Amino acid sequence: MNATNIEKNKSILVIEPIGMGGELLLKAIRSLGYYTIIATTEYVYNTMLQNFKDMIDDVIYIDFSARESAIETLVDESKRKGVAGVVVAWEFLTDIAAEVAQQLNLCGPDASLSRARRNKYIMYRALSQAQCPRPALQAVLTNVDTINQLPLEELTFPLVVKPAENAASFGVSVLDDDKDLVQAFQNAAQWTHEYPHGIPFSNEILIQEYIPGREFSVEGISVSGQYLPWGVTMKFTTLGKARAETGHIFPAPIDTDLRDEILAVAKQAVIALGITNGISHTEIKLDKQGKPRVIESCSRPAGDYIPRLVELATGENPLAIYARQAVGDLSADFRPAAPKRYSAVQFIRPEVEGTFKSLVIPSRLKNAEVIESRITAPVDSQVKPGSTNIERLGWAIFTANDEQSVLSAMDELSQLTKVGIS
């Protein structure tokens, strides 16, 4: 831990800064000079956060699997340490973050709707009540035996089977018919607890209408109930029964009419789910008519380095804005910066099973400027194609001046990247 040249009077509590979003959030907070107190477990601190300890000034060790006790401890410790703001990076802890902020009378989303932002079944009901466009919910199951009681002739295929409380594409299946329905349910139900904190998941499994069109997300911040988006991100995914994200472009290279439709639907979702203050990430797909439907929305930063893309495109770091708002340093008349160029991240995934030997990511592209790249898979590790985000071998971030250049750069990077698997 390092407290050199830090403004002790601006202490901020970061609830579990793991994952890509956590790394970027810690960097943004350090750039602001705030005193960084993190809430984590001793195991996570000594393993997953070992490379970020120079950006951490103090640690509160918490058992997040005991929700009420965790909230009580964090509130007490925050009062004792003079915490001025609360932020969160880990999706599974957004409900705890909202409750802690509310009990401390600090800036944050409506804590009474925090479960609706974490549980997709409760979220569906909240979006339905607000008449927000969303996939139709065909069934909710809690036990594999109940599949046999489903009137299969009433199901509309293709459909999606997904757990109510997991993330990162874990347990999500797209089915064209009912022959793999039992297996899809078992896949969705196999994770009963979150990793690495052991938070128990609810047992609801949703069967939803499949929305076939392009995928997007909206990155925004809410200030006293006013929704202020930076823009729309275009998403790229794998194909097949389960889908994992392979890349993103910000801002999405789409026409302004569609962009405005997507932003309007995202605003509906954010308001319906009580994200009155703080950052949000809303996922959207287009239906057969090309109209946006909300897949989910949560009071957390985007993952997959999307905040970095927003910063590269606009010149404004959304995570720094999030942290400034949390400690009361954001002006009430804040307005997000508009994009000036395009930025993208592309993830490299294995196409065959075997032992990972090498990955060569090009440092120069004809159509774009490579900003940063990273190899994430250990050499000699066993890899194979899959349907979640954990199969990734590495990634590259690049920028381009126009729509055609950024799209061409996506293809160019794929063609020039060399993967060695034996």
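Nothing here was measured: the structure is a model prediction, and the numbers come from that model.

> Even after reading the chapter, I still don't get the pairing of strand 9 (residues 215-223), so can you show me in this structure?
Side-chain direction in a regular strand flips from residue to residue, so the side chains alternate between the two faces of the sheet. Burial runs high along strand 9: 9 of the 9 residues are buried. By the alternation rule, side chains of strand 9 split into Glu-215, Ser-217, Glu-219, Ile-221 and Val-223 and Phe-216, Val-218, Gly-220 and Ser-222, which are all buried.

> It is not clear to me how a nonpolar patch on the surface should be interpreted in this structure. Could you clarify?
Together, Tyr-43, Met-48 and Tyr-195 give the surface a local cluster of nonpolar side chains, amounting to about 330 Å² of exposed area. On the secondary structure map, Tyr-43 appears in helix 2 (residues 42-47).

> It is not clear to me how the pattern of salt bridges should be interpreted in this structure. Could you clarify?
Between side chains of opposite charge, a pair can form when the charged atoms approach closely. For the structure on display, the rule yields 23 salt bridges. As a salt-bridge pair, Glu-23 and Arg-374 come within 3.2 Å of each other at their nearest N and O atoms. In this pair, Glu-23 is assigned in helix 1 (residues 19-32) and Arg-374 in strand 16 (residues 369-375), connecting sequence segments 351 residues apart. Arg-374 sits in the partly exposed class, given a relative accessible area of 28%. One network of salt bridges, with partners in common, ties together Glu-23, Lys-27, Glu-372 and Arg-374.

> What exactly am I supposed to notice about the sheet that holds strand 5 (residues 137-141) here?
Sheet strands associate in pairs through backbone hydrogen bonding, adopting either a parallel or an antiparallel arrangement. What the 4 strands build is an open sheet, ordered 5-8-6-7; its pairing is antiparallel. Strands with a single pairing partner mark the edges of an open sheet, and in this sheet they are strand 5 and strand 7 (173-175). The sheet shows a mean angle of 20° between the axes of neighbouring strands, taken without regard to direction. Bridging between strand 6 (residues 159-163) and strand 7 involves 3 bridges; their strand directions are antiparallel. Looking across to strand 7, one finds that Val-161 is bridged to Ser-173. In this fold helix 7 (residues 181-189) packs onto strand 5, strand 6, strand 7 and strand 8 (205-209), with an angle of close to 30° to the strand it touches most, strand 6.

> What am I meant to see in the pairing of strand 15 (residues 354-360) here?
Note: strand 15 against strand 17 (residues 382-383), 2 bridges, orientation antiparallel. Along strand 17, the bridge assignment pairs Gly-354 with Val-383.

Rules used throughout
- Residues numbered from 1 in each chain as written.
- Predicted model: local features only at pLDDT ≥ 70, side-chain atom pairs only at ≥ 80, totals over all residues.
- Heavy atoms only, no water.
- Buried < 20%, exposed > 50% of the residue type's maximum accessible area, 1.4 Å probe, protein only.
- Helix = DSSP H or I, 4+ residues; strand = E, 2+ residues; numbered from the N terminus.
- Patch = residues over 30% accessible without salt bridge, like charges linked within 9 Å, V, L, I, M, F, W, Y side chains within 5 Å.
- Areas by Shrake-Rupley, 256 points an atom, 1.4 Å probe, with all protein chains shown as cover.
- Salt bridge = Lys/Arg side-chain N within 4 Å of Asp/Glu carboxyl O.
- Pairing = 2+ DSSP bridges.
- Axes fitted to C-alpha atoms, helices over the stretch in contact; angles between N-to-C directions.
- Contact = heavy atoms within 4.5 Å.

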